[in-house]
Amino acid sequence: MSSVSTSTPGLRQENFRFRCIACGDLSDAASQDFRCGHCGDLLEITYPTWKETKPDAAKLKSTWQKRRLSSSPVDLSGVWRYRDLLPALDDEQQVITLREGNTPLYELPRCARITDVPRLFAKHQGMNPTGSFKDAGMTVAATFARRAGFRWVACASTGNTSASMAAYAARGGMRSLVLVPEGKISWSKLSQALDYGAVTCQLRTDFDGCLKLLQELVRKAPVYQLNSINPFRLEGQKTLAIELLEQLDWQVPDHIIVPGGNLGNSSAIGKALLEMRELKLISRLPKLSVIQAEGANALVRTLREAGGKRLISVPAETRATAIRIGNPASWKKAAHVLETTGGACEQVSEFEIAQAKAEIGAEGIGCEPASAVTLAGLKKLVKQGFVKRDETVVLVLTGNLLKDPEFTIGFHRGDMSGSIQEAEAAAPLRHPPIVLDASLDAVMRTLERFN
Ligand SMILES: *Cc1c(COP(=O)(O)O)cnc(C)c1O
Ligand SMILES: [Zn+2]
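How each quantity is defined
Residues numbered from 1 in each chain as written. Chains lettered and ligands numbered in written order. Predicted model: local features only at pLDDT ≥ 70, side-chain atom pairs only at ≥ 80, totals over all residues. Heavy atoms only, no water. Helix = DSSP H or I, 4+ residues; strand = E, 2+ residues; numbered from the N terminus. Rg over C-alpha atoms; globule rule 2.2 N^0.38 Å. Buried < 20%, exposed > 50% of the residue type's maximum accessible area, 1.4 Å probe, protein only. Contact = heavy atoms within 4.5 Å. Areas by Shrake-Rupley, 256 points an atom, 1.4 Å probe, with all protein chains shown as cover. Lys, Arg positive; Asp, Glu negative; His and termini not counted. Charge placed at Lys NZ, Arg CZ, Asp CG, Glu CD. Donors = N, O, S within 2.8 Å, 3.2 Å for Na, K, Ca; no water. Tetrahedral: all angles 85-135°; square planar, octahedral: opposite > 155°, others 65-115°. Polar contact = N/O pair within 3.5 Å; in protein donor to acceptor, adjacent residues only side chain to side chain. Disulfide = S-S within 2.5 Å. Pairing = 2+ DSSP bridges. Axes fitted to C-alpha atoms, helices over the stretch in contact; angles between N-to-C directions. pLDDT = per-residue confidence, 0-100. Patch = residues over 30% accessible without salt bridge, like charges linked within 9 Å, V, L, I, M, F, W, Y side chains within 5 Å. Salt bridge = Lys/Arg side-chain N within 4 Å of Asp/Glu carboxyl O. Core = buried A, V, L, I, M, F, W, Y, C linked by side-chain atoms within 4.5 Å. Near = heavy atom within 4 Å. Nonpolar A, V, L, I, M, F, W, Y, C, P; charged D, E, K, R; others polar.

K.L.:
Would you mind going over the overall build of the protein with me for this structure?
P.N.:
Of the regular secondary structure elements, the protein holds 17 helices and 13 strands. For the protein, whose C-alpha radius of gyration is 22 Å, the value lies close to the compact-globule estimate of 22 Å for 451 residues. With the C-alpha coordinates of the protein rotated into their principal frame, the extents come out at 75 × 50 × 45 Å. When each of the 451 residues of the protein is scored for burial, the buried share is 57%. The long-range share in the protein, meaning contacts at least 24 apart out of those at least 6 apart in sequence, stands at 69%. In the form shown here, the protein has an accessible surface area of approximately 19800 Å², with 51% of it arising from carbon and sulfur atoms. Each charge class in the protein can be summarised by its mean position, and for the 56 positive and 49 negative side chains these summaries are 3 Å apart.

K.L.:
Would you explain the coordination of the zinc ion (ligand 2) in this entry?
P.N.:
Where a metal carries four tetrahedral donors, each ideal angle is 109.5 degrees; where it carries six octahedral donors, the ideal angles are 90 or 180 degrees. Here the zinc ion (ligand 2) is held by the protein donor atoms Cys20 (SG), Cys23 (SG), Cys36 (SG) and Cys39 (SG), which lie 2.3 Å from it. Coordination at the zinc ion (ligand 2) is tetrahedral: its 4 donor atoms span angles of 97 to 122 degrees at the metal. For the zinc ion (ligand 2), the donor residues sit on a single chain with the sequence spacing C-x2-C-x12-C-x2-C. You can see Cys20 sitting in strand β1 (residues 17-20) and its partner Cys39 sitting in the loop between β2 (26-27) and β3 (43-46), a full 19 residues away along the chain. Using a relative accessible area of 42% as the deciding quantity, one classes Cys39 as partly exposed.

K.L.:
Is there a simple way to think about helix α12 (residues 331-341) in this case?
P.N.:
Residues lying three or four places apart along an α-helix face the same way, a consequence of the helix completing one turn every 3.6 residues. For α12, the complete set of buried residues consists of Trp331, Lys333, Ala334, Ala335, Val337, Leu338 and Thr341. Looking at the buried positions of α12, the neighbouring elements they touch are β3, α9 (231-247), α10 (264-278), β11 (287-293), α11 (298-306) and β12 (345-348).

K.L.:
What is the right way to read the side chain of Gln347 from this model?
P.N.:
Relative to the helices and strands, Gln347 resides in strand β12. At 2.8 Å, the side chain of Gln347 forms a polar contact with the side chain of Asn297. Discounting residues that sit within four places of it in the chain, Gln347 has contacts with Gln292, Glu294, Asn297, Val300, Arg304 and Lys380.

K.L.:
Quick question: what am I supposed to make of the state of the cysteines here?
P.N.:
What we call a disulfide is simply a covalent bond connecting the sulfur atoms of a pair of cysteines. Under the criterion given, the structure shown has 0 disulfides. Considering cysteine sulfurs only, Cys111 is the nearest to Cys367, which forms no disulfide, with 9.1 Å between them.

K.L.:
How should I be thinking about the sheet that holds β2 in this particular structure?
P.N.:
Whenever strands of a sheet pair, they do so through backbone hydrogen bonds, lying parallel or antiparallel. Taken in spatial order, the 3 strands make up an open sheet running β2-β1-β3, and their pairing is antiparallel. Among the strands making up the open sheet, the edge pair consists of β2 and β3. Packing against the sheet, α9 makes contact with β1 and β3, and its axis sits at approximately 50 degrees to β3.

K.L.:
Any chance you could explain the confidence of the model for the protein here in plain terms?
P.N.:
Close inspection of predicted coordinates is inappropriate for parts of the model with low pLDDT. Mean pLDDT for the protein: 95, with 97% of residues reaching 70 or above. Every residue in residues 1-8 scores below 50 in pLDDT, and together they form 7 contacts with partners more than four places removed in sequence or on other chains.

K.L.:
What should I look at first to understand a nonpolar patch on the surface in this one?
P.N.:
On the surface, Ile434, Leu436, Val443 and Phe450 cluster together to form a nonpolar patch covering roughly 390 Å² of accessible area. On the basis of relative accessible area, Val443 is assigned to the partly exposed category, the value being 47%.

K.L.:
Is there a simple way to explain the pattern of salt bridges in this structure?
P.N.:
Pairing between side chains of opposite charge can happen when their charged atoms approach one another. Per the stated rule, a full pass over the model turns up 27 salt bridges. Notably, a salt bridge pairs Arg219 with Asp33, separated by 3.0 Å at the nearest N-O pair. Of this pair, Arg219 sits in helix α8 (residues 207-220) while Asp33 sits in the loop between β2 and β3, and the two are 186 residues apart along the sequence. Classification of Asp33 as buried rests on a relative accessible area of 11%. With a shortest N-O distance of 2.7 Å, Glu275 and Lys271 are connected by a salt bridge. Of this pair, Glu275 and Lys271 both sit in helix α10, 4 residues apart, which is roughly one turn of that helix. Look at Glu275 and you get buried, because its relative accessible area is 8%. What emerges from the salt-bridge pattern is a single network uniting Arg67, Asp75, Arg83, Asp84 and Glu92.

K.L.:
Please explain the nonpolar core as it appears in this structure.
P.N.:
Considering soluble globular proteins, one finds that nonpolar side chains tend to be buried as a cluster. Counting residues in hydrophobic clusters, the biggest one holds 91 residues, and the most contacted among them are Tyr224, Phe232, Leu273, Met276 and Leu281. No other element matches the 7 residues that helix α5 (residues 134-147) contributes to this core. Not counting the four nearest positions on each side in its chain, Phe232 is found in contact with Phe16, Phe18, Phe34, Ile45, Pro87, Gly137, Val140, Ala141, Phe144 and Tyr224. Core analysis: the next-biggest nonpolar cluster, separate from the first, contains 30 residues, Ala122, Ile353, Val373 and Leu381 among them.

K.L.:
What is the right way to look at the site of ligand 1 in this model?
P.N.:
Lys134, Asn160, Asn262, Leu263 and Thr398 are the nearest of the 15 residues found near ligand 1. Within the backbone of Asn262, one N or O atom sits 2.7 Å away from an oxygen atom of ligand 1. For ligand 1, the accessible surface in isolation is 380 Å², of which the surrounding protein chains cover 97%. A breakdown of the residues in the shell around ligand 1 according to their chemical character gives 5 nonpolar, 8 polar and 2 charged.

K.L.:
Sorry if this is basic, but what is going on with the environment of Pro222 here?
P.N.:
By the secondary structure assignment, Pro222 is in the loop between α8 and β9 (223-225). Accessibility expressed as a relative area gives 64% for Pro222, which makes it exposed. Spatially, the C-alpha atoms of Pro222 and Ile312 are 32 Å apart, while their sequence positions differ by 90 residues. Excluding its chain neighbours within four sequence positions, the residues that come into contact with Pro222 are Gln32, Phe150 and Trp152.

Have a look at this one:
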């Protein structure tokens, strides 16, 4: 049954407000481009009611536990289960959900041995419905897009945002417009957007060019923009960290390590950590560190060369296409959470990414290249002494292995061999396919060779 909202738009009493991250201006409504009307900086969502009546930590924990036994769609969602810390809906039936969240937390014993830390975990966001963490944000932002009456949603994307947006738009009965850089996204991701019915435009530019164009478009046309500039996305992505802490029985890990592209996810995880501490769900903060590809290292350079004061954008080049972003929109938010949690920012090479990806794969888990920067970065942070040898570490694996088969096959075939040292380091990790005559003898001999 469809529900009829009794509240009048405009008179609705929301549980949240928008706050500008630069000038602090508070407002009840946001413009189409989600920028501050006074200074043009990004907005974030705040919950003024927490000032007077703070949600009770013990009560929240038991409510979230209980909802795991429920079979209603909002409770089965690993995002909306934590709706007490999200923008409130008038009616639970408004939710557009594909049962996102609920992602596994795996131990990585072999990678722990390689990196020399005692306990290493992977929070695998690639196990979401469309194969990346984008779903956690998209369920919230798409829901609020439809609630605001939009018929069209749009995004610029390196692939995963478009796959996720197209799916949620389709589920919610909205049309979607995708702007992707031509030739620079994987076929897997592109095929998702096509199948979910998006109008897909491959623009002859890079991701940063697509995002710039989208920003202009949303000021001219009644389309709702679903990039991570949209603060509703970040609210949904916060639940990654809440679910993680719940899975760890609220024992705070020492480090959380996340890949950095447009820097929305690191901002969201940081916001969740700060809010969980404010609400006394946790008593201390893990250090949140961001890892980038050397060829797309805008945040690394911004912190090292400009002290985090102004963005140093870069022309982005990396085979880890999900983080091939040179002008990250949420750099200020990310710089803030790194500073507040005491996290680090590092960069890793193309080979280090490929090697780390194969090492994660060898644990039977697998992820897309952008996710593997976390393990590659951890190795560096241990060497530098930033991660101590008795500390617990969680890697956020952002995307599914199947998102980029070309990269994986290329590595195993040896197409990515660089220097002799790299080829030697890659050799034990490579498992190229073997072409044989269809004879028992040939297969038997192969088996012996590997025995
Ligand atoms: C989007 C994405 C990233 C980058 O996240 P940001 O929020 O843009 O920093 C990393 N990995 C994967 C798999 C992604 O889809
Ligand atoms: Zn402002």
